[in-house]
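Take a look at the letters that make up each chain.
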Amino acid sequence: MFKTIGIHAQEINSSTITVIKRIVETAKQFDCKFLCALESISFLNNDFSVSLSTPEEMAEKSGLVISVGGDGTLLKCARLIYPRNVALMGINLGRLGFLTDIVPERISDELGQILEGNFLEEERTVLECEVFREGKSILKGDALNDVVIQKWNSPRLITLSTHVNGKLLHSQRSDGLIIATPTGSTAYALSGGGPILQPNLRALALVPICPHTLTNRPIVINDSSLIEVHLASDRDDTSRVTCDANTVADLLPKDIVKIKTYDRRIRLVHPAYYDHFKTLRAKLNWGKSPC
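Each value, and the rule that gives it
- Residues numbered from 1 in each chain as written.
- Predicted model: local features only at pLDDT ≥ 70, side-chain atom pairs only at ≥ 80, totals over all residues.
- Heavy atoms only, no water.
- Core = buried A, V, L, I, M, F, W, Y, C linked by side-chain atoms within 4.5 Å.
- Buried < 20%, exposed > 50% of the residue type's maximum accessible area, 1.4 Å probe, protein only.
- Helix = DSSP H or I, 4+ residues; strand = E, 2+ residues; numbered from the N terminus.
- Contact = heavy atoms within 4.5 Å.
- Phe/Tyr/Trp six-rings, centres within 6.5 Å; stacked < 30°, edge-to-face > 60°.
- Pairing = 2+ DSSP bridges.
- Axes fitted to C-alpha atoms, helices over the stretch in contact; angles between N-to-C directions.

1. Notes on the nonpolar core
No. 1: In terms of nonpolar packing, the biggest core is built from 30 residues, with Ile7, Ile23, Phe34, Ile66 and Met89 touching the most fellow members.
No. 2: Among the elements that make up this core, the one with the highest residue count is helix α1 (residues 14-27) (5 residues).
No. 3: Those residues in contact with Phe34 that sit more than four places away from it in its chain are Ile5, Ile7, Ile23, Val24, Ala27, Lys28, Ser49, Val50 and Ser51.
No. 4: Among the nonpolar cores identified, the runner-up in size contains 24 residues, and Ile149, Ile221, Ala249 and Ile259 belong to it.

2. Looking at the packing of aromatic side chains
No. 1: For the structure shown, the criterion picks out 2 aromatic pairs.
No. 2: With centroids separated by 5.8 Å and ring planes inclined at 40 degrees, the aromatic side chains of Phe2 and Phe119 adopt a geometry described as tilted. Taken together, the residues span a long stretch of sequence, with Phe2 in the segment before β1 (4-9) and Phe119 in strand β6 (residues 119-124) at a distance of 117 residues. Judged on exposure class, the residue Phe2 and its partner Phe119 are both buried.
No. 3: Between Tyr82 and Tyr262, the aromatic rings sit 5.3 Å apart at their centres with planes inclined by 55 degrees, giving tilted as the arrangement. Note that Tyr82 is positioned in the loop between α3 (71-81) and β5 (87-92) and Tyr262 in the loop between β18 (256-261) and β19 (266-271), a separation of 180 residues in sequence.

3. As for the sheet that holds strand β15 (residues 227-231)
No. 1: Here we have 6 strands laid out as an open sheet, ordered β8-β7-β18-β15-β10-β11, and antiparallel in their pairing. At either margin of the open sheet sits one strand with a lone partner, and together these are β8 (136-143) and β11 (167-174). Averaged over neighbouring strand pairs, the angle between their axes works out to 20 degrees when direction is ignored.
No. 2: Sheet topology note: the β15/β18 ladder contains 4 bridges and is antiparallel.

4. Remarks on the environment of Asp175
No. 1: Tracing the sequence through the fold places Asp175 in the loop between β11 and β12 (176-180).
No. 2: Setting aside anything within four residues of it in sequence, one finds Asp175 in contact with Ile149, Gln150, Lys151, Leu157, Ile158, Ile209 and Cys210.

5. Observations regarding the pairing of strand β2 (residues 33-37)
No. 1: The element β2 is largely enclosed, with a buried count of 4 among its 5 residues.
No. 2: Bridge count between β1 and β2: 5 bridges; the pairing is parallel. Directly across from Thr4, in β2, lies its bridge partner Lys33.
No. 3: Relative to strand β3 (residues 50-52), β2 runs parallel, the two being bridged by 3 bridges. By the bridge assignment, Cys36 is partnered in β3 with Leu52.

6. Some thoughts on unusual backbone geometry
No. 1: Cis geometry is found at the peptide bond from Tyr82 to Pro83, where omega equals 5 degrees.
No. 2: Mapped onto the elements, Pro83 comes out in the loop between α3 and β5.
No. 3: The phi dihedral of Cys210 falls on the positive side, at around 45 degrees, and the residue is not glycine.
No. 4: Inspection of the secondary structure assignment puts Cys210 in the loop between β13 (203-209) and β14 (219-222).
No. 5: Despite not being glycine, Lys254 shows a phi value in the positive range, around 75 degrees.

Here it is, written out as structure tokens:
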């Protein structure tokens, strides 16, 4: 199914070395070649099937990219490959692992099945964020989890006016606003009291962060909507916009942040047994199935 495999990790340590060696040993049985966007591949003993690569070359030439780390590593990897039509999967060395669902101990079996074509593939929504200042676009970003507009270096609340498809949704004073995809509904938005969305829903969640009102609640909208958030605060040093926790821009009064979904989505590969609800039960301690 996949003849060229990209391997990406944030750092090289004993855990990632063990995992990468296991990936190579397993996938070599299927005549795969490897492009590694790593600091070094000397620990692979000059294996002829493995090449050191830039992240750009890995993203361009791989059919499947394997992220080694936690969900944060996979999010970074997603930004590297997007918008190319490349499949992405994760080996979990992190804590929760909502996106990286293969544990190191099962690499040989589960990666082998995936390379035989026995896997489940999902498409996940990607957000485009664009910042406008005085009517001109100044910066863009993209996010698999969420776009967040928030205060950052002051205890003061910020004032935001949110429009959906040109219609005013609300004006609020708060610590900020999270615009989350179904993928991101189990990330920061979950901490803010937002709903958990099934990954294949064509929906977005708008979750206020500590709003200064008892009636401002999270809202779910269609993901075809255009969201505009107007910064109405009068101070120029208190807010910023981030995409998947990476700063896109510090915001000034009267800036407008526009968010919409891209047409192309991220392809996530899971083992054939993958069950989103089972993952939720395990990660959120909801208890085991009675059956």
